[in-house]
Amino acid sequence: MLNGAPDRTPGMDYALAIEDTPETIPGGTGILLLHPSTGETDRIDTEFLATDTDQALVVSTRTTAREVTQKLEHYEVDEDRTTILDTLSIERGYTRRSGEGIRYVASPDDWEGIVDEVEEFLATHDGKRRVSFDSLTELIYYADEQAAYDAAERMLELLDEHDAVGLFHLADGVHEQAVVDRFTDLFDGLVELDADGTVTSQFDE
């Protein structure tokens, strides 16, 4: 598993606070978080975002910026260092929230627009940068499997180019196993959250 992920060149190391994972990962690392469709991923997501980070981007195809902000506040993630990319509010006709920390794309199926926003964030922010993508499952639903795959592949390339790291959510049990395997092979690391809350992981050496 994970044999499809490319080799990484040396760069910054990032601390990883998720249980049963390496203490550090190199810049350019992409992690797939495989979880039950009803699994509680907020704790893992916020542990990833809050640790050893100068700037973070939360891409949400599942919830609006308001809901993401509530999650960040609850888990005491530094909002001043966090940018939210809201892909839902415009399409649903919700009022946009003002503030420099919130970006928008027109709809959750605009995968090229999402990738462009990730690229802009990485290019315009310095230091240790983390990207959380919640979720590939919704992107597959709104766009399609190939579009989501192309988006994930391009975002992983951007992480490598900018020495950043990313955590990408994918719901287990929703997709055929061949789809899960295909996406898993893109990533350097796999974190699996079981229904009982148990966390296991597998990372490339």
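Residues numbered from 1 in each chain as written. Predicted model: local features only at pLDDT ≥ 70, side-chain atom pairs only at ≥ 80, totals over all residues. Heavy atoms only, no water.

This brings us to the sheet that holds strand β6 (residues 102–104). Strand order in the open sheet formed by eight strands is β6-β5-β4-β7-β8-β3-β9-β10, and the pairing between neighbours is mixed. A single partner strand is all that each edge strand has here, and the edge strands are β6 and β10 (199–203). Adjacent strand axes in the sheet meet at a mean angle of 20°, parallel and antiparallel pairs treated alike. Across three bridges, strand β5 (residues 82–86) lies against β6 in parallel orientation. Bridge pairing links L85 to R103 in β6. Across the face of the sheet, helix α1 (residues 42–50) comes into contact with β3 (30–36), β4 (55–60), β7 (129–134), β8 (165–172), β9 (189–193) and β10 while running at roughly 175° to β8. The strands touched by helix α2 (residues 65–74) within the sheet are β4, β5, β6 and β7, with β5 carrying the most contacts at an inclination of about 150°. (Pairing = 2+ DSSP bridges. Helix = DSSP H or I, 4+ residues; strand = E, 2+ residues; numbered from the N terminus. Axes fitted to C-alpha atoms, helices over the stretch in contact; angles between N-to-C directions. Contact = heavy atoms within 4.5 Å.)

Once that is clear, we can look at the confidence of the model for the protein. When pLDDT is averaged along the protein, the result is 93, and 95% of the positions lie at 70 or above. Contacts for the low-pLDDT stretch residues 3–9, under 50 throughout, to residues beyond four places or in other chains number 13 contacts. (pLDDT = per-residue confidence, 0-100.)

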